[in-house]
Amino acid sequence: GAKNITVCGRAMIDCSALESGAQQTFNFYCNDNVTVRDLTVINSGSWTVCFTNCHHVHVSDLLLFSFRIFSDGVMLSDCTDSVVEDCFIRTGDDAAECKSTGNGSTRTDNVVFRNIAAWADKGACYGIVFEENYDTQNVVFENCSVGFSLPNWSDHLGCITVYCGNNPNAVDHHIYFRDIEIYCTYCASAAFVAFEGNMRD
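Rules behind the numbers
- Residues numbered from 1 in each chain as written.
- Predicted model: local features only at pLDDT ≥ 70, side-chain atom pairs only at ≥ 80, totals over all residues.
- Heavy atoms only, no water.
- Pairing = 2+ DSSP bridges.
- Helix = DSSP H or I, 4+ residues; strand = E, 2+ residues; numbered from the N terminus.
- Axes fitted to C-alpha atoms, helices over the stretch in contact; angles between N-to-C directions.
- Phe/Tyr/Trp six-rings, centres within 6.5 Å; stacked < 30°, edge-to-face > 60°.
- Buried < 20%, exposed > 50% of the residue type's maximum accessible area, 1.4 Å probe, protein only.
- Lys NZ or Arg CZ within 6 Å of the ring centre and 35° of its normal.
- Polar contact = N/O pair within 3.5 Å; in protein donor to acceptor, adjacent residues only side chain to side chain.
- Contact = heavy atoms within 4.5 Å.
- Core = buried A, V, L, I, M, F, W, Y, C linked by side-chain atoms within 4.5 Å.

S.K.: In this structure, what is going on with the sheet that holds strand 7 (residues 80-91)? I would like to understand it.
M.R.: As a general point, the strands of a sheet are linked pairwise by backbone hydrogen bonds and lie either parallel or antiparallel. Read from one edge to the other, the open sheet built from 8 strands follows the order 1-3-5-7-9-11-13-15, with strand pairing classed as parallel. Strand pairing shows two members of the sheet lacking a second neighbour, strand 1 (3-14) and strand 15 (198-200), which therefore form its edges. Looking at each pair of strands side by side, their axes are set apart by 15° on average, direction ignored. Across 10 bridges, strand 7 lies against strand 9 (residues 108-120) in parallel orientation. Bridging across to strand 9, serine 82 finds its partner in valine 111.

S.K.: Just checking my understanding: could you explain the packing of aromatic side chains for this structure?
M.R.: Aromatic ring pairs are described here by two measures, namely the spacing of the ring centres and the angle between the planes. Per the stated rule, a full pass over the model turns up 11 aromatic pairs. Seen in terms of ring centroids, tryptophan 119 and phenylalanine 148 are 4.9 Å apart; in terms of plane orientation they differ by 45°. Their pairing is tilted. Here the residue tryptophan 119 occupies a position in strand 9, and phenylalanine 148 occupies one in strand 11 (residues 136-149), the gap between them amounting to 29 residues. Its relative accessible area of 26% is what places tryptophan 119 among the partly exposed residues. The interplanar angle of 70° and the centroid separation of 5.2 Å between the aromatic rings of tyrosine 163 and phenylalanine 195 together place this pair among those described as edge-to-face. Taken as a pair, tyrosine 163 in strand 12 (residues 158-164) and phenylalanine 195 in the loop between strand 14 (188-194) and strand 15 lie far apart in primary sequence, 32 residues in all. Members of the aromatic cluster, joined through ring pairs, are Phe113, Tyr126, Phe141, Phe177 and Phe192. Above the plane of the ring of tryptophan 119 lies arginine 90, whose end atom (NZ or CZ) is 4.3 Å from the centre.

S.K.: Can you help me understand the pairing of strand 4 (residues 49-52) in this one?
M.R.: Looking along a regular strand, one sees the side chains alternate between the two faces of the sheet. Covered by surrounding structure in strand 4 are Val49 and Phe51 together with Cys50 and Thr52, the residues of both alternating faces. In this structure, strand 2 (residues 26-29) lies alongside strand 4, joined through 4 bridges in parallel fashion. Residue pairing for strand 4: tyrosine 29 is matched across the bridge by threonine 52. As judged from the 4 bridges shared by strand 4 and strand 6 (residues 74-77), these two strands associate in the parallel manner. When the bridges of strand 6 are listed, cysteine 50 appears paired with methionine 75.

S.K.: Sorry if this is basic, but what is going on with the side chain of aspartate 78 here?
M.R.: For aspartate 78, the position within the fold is in the loop between strand 6 and strand 7. Within the structure, aspartate 78 has its side chain in polar contact with the side chain of serine 100 (distance 2.8 Å). Reaching out from aspartate 78, the side chain makes a polar contact with the backbone nitrogen of threonine 101 at a distance of 3.1 Å. Non-local contacts of aspartate 78, meaning those with residues more than four positions away in its chain, are made with Asn53, Cys54, Lys99, Ser100, Thr101, Gly102, Thr106, Arg107, Thr108 and Tyr134.

S.K.: Would you explain the nonpolar core in this entry?
M.R.: With 41 residues, the main nonpolar core has Phe51, Leu62, Leu76, Phe113, Ile116 and Tyr126 as its most contacted residues. In terms of residues, this core owes the most to one element, strand 9, which gives 5 residues. Residues contacting phenylalanine 51, with those up to four places away along its chain left out, are Phe28, Val34, Val36, Val57, Val59, Met75, Leu76, Ser77 and Cys79.

S.K.: It is not clear to me how the side chain of asparagine 31 should be interpreted in this structure. Could you clarify?
M.R.: When you line up the elements, asparagine 31 lands in the loop between strand 2 and strand 3 (32-42). Of note is the side chain of asparagine 31, whose polar atom sits 3.2 Å from the backbone nitrogen of tyrosine 29.

S.K.: Explain unusual backbone geometry here, please?
M.R.: Excluding glycine, a negative phi dihedral is what most residues carry, and trans is how most peptide bonds are arranged. The residue after glycine 9, namely arginine 10, is reached through a cis peptide bond having omega 25°. Mapped onto the fold, arginine 10 is located in strand 1. Backbone geometry at asparagine 53 places phi at a positive 55°, although glycine is not the residue there. Among the structural elements, asparagine 53 can be located in the loop between strand 4 and strand 5 (55-65). Look at aspartate 201: it is not a glycine, yet its phi comes out positive at around 50°. Structurally, aspartate 201 is set in the segment after strand 15. Judged by its relative accessible area of 59%, aspartate 201 falls in the exposed class.

If you want it as structure tokens, here you go:
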């Protein structure tokens, strides 16, 4: 329930001593007006920069370097009116994503990821990724690049992805990918998969 939070650098945080699967490096829950900028995070043990049920998030100028599984880069879950921009994310899992893991008090709406460079070892570079308790709408990924996208262990993975997961009643809609550059990929350039859940528009 906190408001007007800023976490900024320049600073470097090295999580190498933590066990893999340790708690998230940054975890914001039910906050309003959050800024995270100018940080370098190395070897996150789990999700690196996470926001759940938040409003007015602004993330910029992050350097995230990790190789472990579950070390997702920047994740917005059930957030509104938010921007993630000007970041480099090298991760052992998904890089820049929206999910829906929240309690239903907020639904994802009006989220922009732009000017991001991603390198993903085991997950998607950009997209709506699996966990989907509630609807996700109006998410834009623009002017982003994929340096390397290496996962080839599943057909549902791609450089850009909408991957509807665990709720057959949830809908992903009005998701946009604009001006995405891909240098090297070992998986699909684009993967749109509805295991449970729905997508349209």
